[in-house]
Amino acid sequence: MYFSNILLGLFLSFISLNVFANEPVVAHDSAHADTAAHAAAPAAHEAPSEKFDPGKLILHHIADEHDWHFFTIGHFHATLPLPCIVYTASAGVQVFSSSNFKNEHHEEIPYNGFVLEHGKIHAENGEKVYDFSITKNVASLLLSAVLLLTIFIGIGRKYKENPHRAPKGLQSMFEPIIIFVRDEIAKNNIGEKHYRRFMPYLLTIFFFIWFNNMLGLIPGGANLTGNIAVTLVLAIIAFFVTNFNGRSTYWTHIFAMPGVPKWMLVILTPVEIVGIFMKPFSLMVRLFANITAGHIILLSLVSLIFIFENAALGLAVVPFSLFMNVIELIVAFIQAFIFTMLVSTYIGAAVEEHHH
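Basis of the calculations
Per chain, the residues get numbers from 1 upward, laid out in the order the sequence is written. Owing to the predicted nature of the model, reporting of local features is limited to residues with pLDDT of at least 70; listing and counting of side-chain atom pairs is limited to 80 or more, with chain, interface and lining totals taken over all residues. Excluding hydrogens and water, the side-chain figures rest on all heavy atoms present in the structure. Think of a salt bridge as a Lys or Arg side-chain nitrogen and an Asp or Glu carboxyl oxygen that are within 4 Å of each other. In DSSP terms, a helix is any run of H or I states spanning at least four residues, a strand is any run of E spanning at least two, and both are numbered starting from the N terminus. UniProt positions are given in the numbering used here, feature names are shortened, and annotations may be inferred rather than shown by experiment. Buried Ala, Val, Leu, Ile, Met, Phe, Trp, Tyr and Cys residues form a nonpolar core when they are joined through side-chain atoms within 4.5 Å. Burial here depends on accessible area, computed with a 1.4 Å probe over protein chains only, as a share of the maximum for the residue type. Under 20% is buried, over 50% is exposed, and the range in between is partly exposed. Contact between two residues is taken to exist if any of their heavy atoms lie within 4.5 Å; hydrogens are not considered.

## Describing the pattern of salt bridges
Scanning the model with the defined rule gives three salt bridges in all. Between Asp67 and Lys102 there is a salt bridge whose closest N-O contact spans 3.4 Å. Of the two residues, Asp67 is situated in strand E2 (residues 67–73) and Lys102 in the loop between strand E5 (92–97) and strand E6 (114–117); the sequence distance between them amounts to 35 residues. Each of the salt bridges in this network shares a partner with another, and the network as a whole consists of Arg182, Asp183 and Lys187.

Structure follows, in C-alpha cells:
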C-alpha cells in the first residue's frame, strides 16, 4: 500500500527547562530589617494572589504557537523551542530560535527588532512581516507525516517480502482497518470499477486525520485537526480530487439536469453550483468544530477543579473527565471515518457512469 504523503523535512531542537529562583534580601542591620519587614507586610497583604484563568489555558492549548510547551511544574517549564523564519523587505530572511522571545522569567521580550504578541511575530518598526516559521502545528504535521510513512512503508515492505504470510504485529493491527475502508467506504460509495484508483487517497486522509486526532489527545499535544487552516487544505484537496475526476454525467447534472424544464434550470443550476463549493466547506467546518469542541469540553471539566479549589469536586470531575476522554478516543476514529465517507460519496457521484 502506497500513500501520497510528502515528507517535507525533519527538524531538531532541544527541550529547555527554565529554572527560576528568588534571591533572598540581606538586611544590613536589625533595625533596617525590622523596618523592611513592616513595610513588606502590608504590601504582601494587599497583593492579590494570581487566580487560575481557564480561558487562557484553553486558548493556549487549541491555538498555534511558536514553541511547543508540554507542561509546567512550579517554576519548571518543559518547552521545545521551534525555529522562527521571518522575512522583511529591509532585513531579508532571518532564522532564529523562538526561545529568544523569552527571558529567564519566561516573559515575552523583543528580539532583533521583532516582538511576539498573541502568537504573531511583528516588527517593532511596523514593517510587514512574512512569517514562515515552524510552529507547533507545523511540527506536529511533520511528526505525523514521519509517523505515517514509517509505519506504512514498513508494513508495505513486509507484504512485498512475503505476501502470503499471515499478518502479525502492526500488520495485524492495521489490516482490518484498511479492509474496512476498502469494503465499507470505497467499494460501497465509489463502486467496484473505480474504487482502486482512489484507495491511496482515501487511506491517506483517513489515517492522517485519525493519527492527528489521537496525537491531539495526548497531554501537551498539538491541536492540528482543530486548526481550521489544516481542515481547509484537506477540504480543498477533496474539492479538486472530486471535480477533476467528474465525468460528463456529473457536469450535465449540474448545468443541464435531464428531465427538468428549461426555465427551472435558471433556479436549479446556481443552486447546484453553490453545492459544489458547500461540500468542501461543510467538510472543513465539521472536522474543525468537532475536534475543537472536544478539546474545549475536556479542558473545561479539568478547569472546574482549579476554579472551585474543591477536592470533593475533583473526585466527581476526574472520573467524568476520564469518561469524556474515552469518548474523545471514539470520536477521533468517527471523525476520520465521516470525513473519508463523505469524500468517497462525492467522488462516487463524480465518477458515476450514465445509466440507460
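## Considering the UniProt feature "transmembrane region" (unreviewed entry) in the protein chain
UniProt marks residues 138–155, 198–218, 224–242, 263–281, 287–308 and 320–347 with the feature "transmembrane region" (unreviewed entry), using the numbering shown here. In the segment residues 198–218, helix accounts for 95% and strand for 0%; the C-alpha atoms at its two ends are 31 Å apart. Its end C-alpha atoms 24 Å apart, residues 224–242 is made of 79% helix and 0% strand.

## As for the nonpolar core
In this structure, Phe152, Phe174, Leu202, Phe207, Trp210, Val343 and Ile347 are the most contacted members of the largest nonpolar core, which totals 41 residues. Those elements giving two or more residues to this core turn out to be helix H3 (136–161), helix H4 (170–190), helix H5 (195–217), helix H6 (228–244), helix H8 (262–308) and helix H9 (311–351). Looking at which element gives the most residues to this core, the answer is H5, with 13 residues. Among residues more than four places away in sequence, those in contact with Val343 are Tyr201, Leu202, Ile205, Ala238 and Leu283. With nine residues, the next largest nonpolar core counts Cys84, Phe101, Leu116 and Val129 among its residues.

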